[in-house]
Amino acid sequence: MNRREFFKRSLTIAGSLLIARNSNASDQPLSVYSTQNKANKKNWEKFEELKKTNSQIDESYAVLVDITKCIGCRRCEWACNEWNKNPNRPVKEFEASKDEKPSVFDRVRRTHAGEFTVVNRFHSKNKPVYVKKQCMHCAEAACLNACFVDAFKKTPQGAVLYNPSLCVGCRYCMIACPFDIPAYEYYNALTPQITKCTMCFDRVTDGKVPACVESCTSDALIFGKRSEMLKLAYNTINKNPERYINHVYGEHEAGGTNWLYISQIPFEKLGFPELDKTPIPAHSKSFLFTVKVLEVVAAAPLVWGAYYMISKNRSKKEGKKDE
């Protein structure tokens, strides 16, 4: 067993024990823990294929979210599940949930292994405000910088993709992300993986829009070149200053993202983290370097300790047999 395998197995065993401890989570949807989803792997393979063609992209794409137009139908959630083959239900059930009591909107949700996007409900002046949440696809992604096996890549198209075959399950990416997006899947204890929105890289590179954008019937989601989306965002704000605050979230936050939002109320009241223009890796670089140094220094003693304990237990068993 090499060092990487030892490290990987140790973490996955710990993860399995954690699941066992919380195995009474029958009230949680299946998608929280287990999907064996292949969407991230599929998109990474598409990325590798495209690299061989040396195709050039002059500018990345972006999705502009107009929060004032979202009606909370959750068709985007359904479409995302459908395209990425996550656990799904009839679209009517998603649409009906808005008026149900109790409702899925009674709590603020985060993305999970089998839910790459969720819509949450907030209130302003006694009116509902719906906000879609997914990977923001940062220009300088914290998850990418935190990953010491290079399992993440930022594509020219704008998507941040993830390669499950390289992942060792350390979950530094989950800690590093300021938007609380990467989710951990425990379908198989020995081959855990991170799951997250791929910005429908496979669709975009085939000339289509992301599945969520295609399914949106209220024009709350618009897809295009990032510069065009920024221009559209400010044109919309300037034409309707009474309806929007003068802020495009994602233009500068954490160095800029490929998902952009415009809103009628301040973003901090809608669950968005308050971030300055500095990319997260600029803050975490020195810390992560220290972690990597400690990992290298600690690896040998850990492996030796494990080998010692195994040998000791084996000697005890052999001693008992001799008796």
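See the structure shown above.
Attention here is on the structure that accompanies the text. (Residues numbered from 1 in each chain as written. Predicted model: local features only at pLDDT ≥ 70, side-chain atom pairs only at ≥ 80, totals over all residues. Heavy atoms only, no water.)

Looking at the sheet that holds strand β9 (residues 259–262)
1) Next: On the basis of which strands lie adjacent, the open sheet formed by three strands has the order β8-β1-β9 and mixed pairing. Strand pairing shows two members of the sheet lacking a second neighbour, β8 (221–225) and β9, which therefore form its edges. With strand direction ignored, the average angle separating the axes of adjacent strands in the sheet is 25 degrees.
2) Next: Strand direction decides the pairing type here: strand β1 (residues 61–66) and β8, joined by five bridges, are antiparallel. In the sheet register, valine 63 faces β8, and the bridge partner there is phenylalanine 223.
3) Next: Helix-sheet contacts for helix α9 (residues 226–239) involve β1, β8 and β9, and the interaxial angle to β8 is about 130 degrees. (Pairing = 2+ DSSP bridges. Helix = DSSP H or I, 4+ residues; strand = E, 2+ residues; numbered from the N terminus. Axes fitted to C-alpha atoms, helices over the stretch in contact; angles between N-to-C directions. Contact = heavy atoms within 4.5 Å.)

Remarks on the state of the cysteines
1) Next: Tallying each qualifying case throughout the model produces zero disulfides.
2) Next: Unpaired in this structure, cysteine 138 has its nearest cysteine sulfur neighbour in cysteine 177, at a distance of 6.4 Å. (Disulfide = S-S within 2.5 Å.)

A word on the pattern of salt bridges
1) Next: A full pass over the atoms with the stated rule returns eleven salt bridges.
2) Next: Ionic pairing is found between aspartate 206 and lysine 46, a salt bridge with its closest N-O pair at 3.2 Å. One end of the pair, aspartate 206, is in the loop between α7 (201–204) and α8 (211–215); the other, lysine 46, is in helix α2 (residues 39–53), with 160 residues separating them in the sequence.
3) Next: Since its relative accessible area comes to 17%, lysine 46 is described here as buried.
4) Next: Linking arginine 109 and glutamate 77 is a salt bridge whose minimum nitrogen-to-oxygen distance equals 2.7 Å. Here arginine 109, found in the loop between α4 (91–96) and β2 (118–124), pairs with glutamate 77, found in helix α3 (residues 75–84); they are 32 residues apart in sequence, far enough to count as distant. For the pair shown, arginine 109 and glutamate 77 are each scored as buried.
5) Next: Connected through salt bridges with shared partners, the residues Arg74, Glu77 and Arg109 form a single ionic network. (Salt bridge = Lys/Arg side-chain N within 4 Å of Asp/Glu carboxyl O. Buried < 20%, exposed > 50% of the residue type's maximum accessible area, 1.4 Å probe, protein only.)

Examining the pairing of β9
Consecutive side chains along a regular strand alternate between the two faces of the sheet.
1) Next: Across the two faces of β9 the burial is the same, with Trp259 and Tyr261 and Leu260 and Ile262 all buried.
2) Next: Pairing geometry for β1 and β9, over four bridges, is parallel. If you follow aspartate 66 over to β9, its bridge partner there is isoleucine 262.

A short note on the nonpolar core
1) Next: Ranked by size, the top nonpolar core spans 54 residues in total, and within it Ile67, Phe152, Leu221, Trp259 and Tyr261 carry the most contacts.
2) Next: Among the nonpolar cores identified, the runner-up in size contains ten residues, and Ala62, Leu64, Leu230 and Ala233 belong to it. (Core = buried A, V, L, I, M, F, W, Y, C linked by side-chain atoms within 4.5 Å.)

Regarding the packing of aromatic side chains
1) Next: Per the stated rule, a full pass over the model turns up ten aromatic pairs.
2) Next: Ring centres 5.6 Å apart and planes at 70 degrees place the aromatic pair tryptophan 44 and phenylalanine 47 in the edge-to-face group. Of this pair, tryptophan 44 and phenylalanine 47 both sit in helix α2, three residues apart, which is roughly one turn of the helix.
3) Next: Looking at tryptophan 44, the relative accessible area reads 7%, which means it is buried.
4) Next: Accessibility expressed as a relative area gives 9% for phenylalanine 47, which makes it buried.
5) Next: Three or more aromatic residues link up through ring pairs in this structure, and these residues are Tyr249, Tyr261, Phe267 and Phe272.
6) Next: Here the basic side chain of arginine 89 rests over the ring of phenylalanine 94, its NZ or CZ set 4.7 Å away from the ring centre.
7) Next: Across from the ring centre of tyrosine 184, 4.2 Å away, lies the NZ or CZ of arginine 171, which sits over that ring. (Phe/Tyr/Trp six-rings, centres within 6.5 Å; stacked < 30°, edge-to-face > 60°. Lys NZ or Arg CZ within 6 Å of the ring centre and 35° of its normal.)

What to know about the environment of glutamate 253
1) Next: Tracing the backbone through its elements, the reader meets glutamate 253 in the loop between α9 and β9.
2) Next: Dropping the residues within four chain positions of it, glutamate 253 is found in contact with His247, Val248, Leu275 and Asp276.

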